[in-house]
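Residues per chain, in single letters:
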Amino acid sequence: FAGFDHPEGKIKANFLRSIVRKKPLTGNINAQWEKGLFSVTHGEFHGNGFDVTAQGILQKKLEYNAKITDLGSLIPHAAGRLSASGWLRWNNTLWGGTAAVEGHAINVEKFKIDSATLNAQVNEKEDEVLKVSIQARNATYGTINLGSPTVNVDGKLKNHDVLVLLKWPKSNGKIMANC
């Protein structure tokens, strides 16, 4: 964009009876990029097995929510349920945000999991502090029993500790790393 400090544009669209991947999709979006700010005044999409909403200004706080009652409606040959919520922020050089995700009966290709939770946070105001916690119950990959693993990440984006706890009915394991 020679001669422009920031891209600019607006989009306003209504999807009344659209078809994506041979499945119905409805929703609307009202977004703009103006004077260096990207904002979503209103955004929502609804389809067979999912509802997604977003609203806010990316450079301040862009909030999102997703409820997926049929993962197969978004990923071919997949199954399960997911819900996610959180927010994102971009301060011109660093990302910040949170995510809270919960899943049940997830099946994607050879990977299966009874239930899982993920909580993540990146704080761009405090030297990019990173905190992630993932807990899964009864995970398998093909014939490999992964048990009920827990993954914790704590530190900064450029230097963080990773702790993986593996749990099976008759044994457990621990992996620690610094990245």
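Residues numbered from 1 in each chain as written. Predicted model: local features only at pLDDT ≥ 70, side-chain atom pairs only at ≥ 80, totals over all residues. Heavy atoms only, no water.

Colleague: Which residues make up the pairing of strand S2 (residues 23-34), and what values go with them?
Modeller: Two elements, strand S1 (residues 9-20) and S2, share 10 bridges in a ladder whose sense is antiparallel. Residue pairing for S2: alanine 13 is matched across the bridge by isoleucine 29. Hairpin remark: S1 followed by S2, antiparallel, with two residues in the connecting loop; positive phi at arginine 21, about 50°. Of the pairings in the sheet, the one linking S2 to strand S3 (residues 37-47) comprises 10 bridges and is antiparallel in character. From the neighbouring strand, leucine 25 faces S3, where its bridge partner is glycine 47. Joining the antiparallel neighbours S2 and S3 is a turn of two residues, in which lysine 35 adopts a positive phi near 55°. (Pairing = 2+ DSSP bridges. Helix = DSSP H or I, 4+ residues; strand = E, 2+ residues; numbered from the N terminus.)

Colleague: Help me get a handle on the packing of aromatic side chains, residues and values and all.
Modeller: Scanning the entire structure with this criterion turns up three aromatic pairs. Taking 5.6 Å as the distance between ring centres and 50° as the angle between the ring planes, the aromatic pair formed by phenylalanine 15 and phenylalanine 45 counts as tilted. With phenylalanine 15 in strand S1 and phenylalanine 45 in strand S3, this pair connects stretches of sequence that are 30 residues apart. Overall, phenylalanine 15 belongs to the partly exposed group, its relative accessible area being 27%. Among the residues examined, phenylalanine 45 registers a relative accessible area of 24% and is labelled partly exposed. Seen from their ring centres, tryptophan 90 and tryptophan 95 are 4.9 Å apart, and the 45° between their planes marks the pair as tilted. (Phe/Tyr/Trp six-rings, centres within 6.5 Å; stacked < 30°, edge-to-face > 60°. Buried < 20%, exposed > 50% of the residue type's maximum accessible area, 1.4 Å probe, protein only.)

Colleague: Lay out unusual backbone geometry in plain terms, naming residues and giving numbers.
Modeller: If you check the backbone angles, glutamate 109 has positive phi at about 55° while not being a glycine. As for its placement among the helices and strands, glutamate 109 is situated in the loop between strand S7 (95-108) and strand S8 (111-123). You can call glutamate 109 exposed: its relative accessible area is 60%. Phi at asparagine 138 is positive, roughly 55°, even though this residue is not glycine.

Colleague: Give a detailed account of a nonpolar patch on the surface, specifying residues and quantitative values.
Modeller: Among the surface-exposed residues, Phe111, Tyr141 and Ile144 lie close enough to one another that they form a single nonpolar patch of about 290 Å² accessible area. Judged by relative accessible area, which is 43%, tyrosine 141 ranks as partly exposed. (Patch = residues over 30% accessible without salt bridge, like charges linked within 9 Å, V, L, I, M, F, W, Y side chains within 5 Å. Areas by Shrake-Rupley, 256 points an atom, 1.4 Å probe, with all protein chains shown as cover. Salt bridge = Lys/Arg side-chain N within 4 Å of Asp/Glu carboxyl O.)

Colleague: Break down the pattern of salt bridges for me, with residues and values.
Modeller: Per the counting criterion, the structure on display carries two salt bridges. Note that aspartate 114 and arginine 137 form a salt bridge whose closest N and O atoms lie 3.9 Å from each other. Linking aspartate 114 in strand S8 with arginine 137 in strand S9 (residues 129-141), this pair joins segments that are 23 residues apart in sequence. A residue is classified by how much of its surface remains accessible, and aspartate 114, at 36% relative accessible area, is partly exposed. Arginine 137 sits in the partly exposed class, given a relative accessible area of 43%. Aspartate 154 is the salt-bridge partner of lysine 131, the closest N and O atoms lying 3.1 Å from each other. Taken together, the positions of lysine 131 in strand S9 and aspartate 154 in strand S11 (residues 150-156) put the pair 23 residues apart, joining distant regions of the chain.

Colleague: Give me the environment of cysteine 179: which residues, what numbers.
Modeller: Structurally, the position occupied by cysteine 179 is in the segment after strand S13 (172-178). Judged by relative accessible area, cysteine 179 falls into the partly exposed class, the value being 46%. For the pair cysteine 179 and asparagine 159, spaced 20 residues apart in the sequence, the C-alpha separation amounts to 5.5 Å. When sequence neighbours within four positions are dropped, the list of residues in contact with cysteine 179 reads Lys158, Asn159, His160 and Val162. (Contact = heavy atoms within 4.5 Å.)

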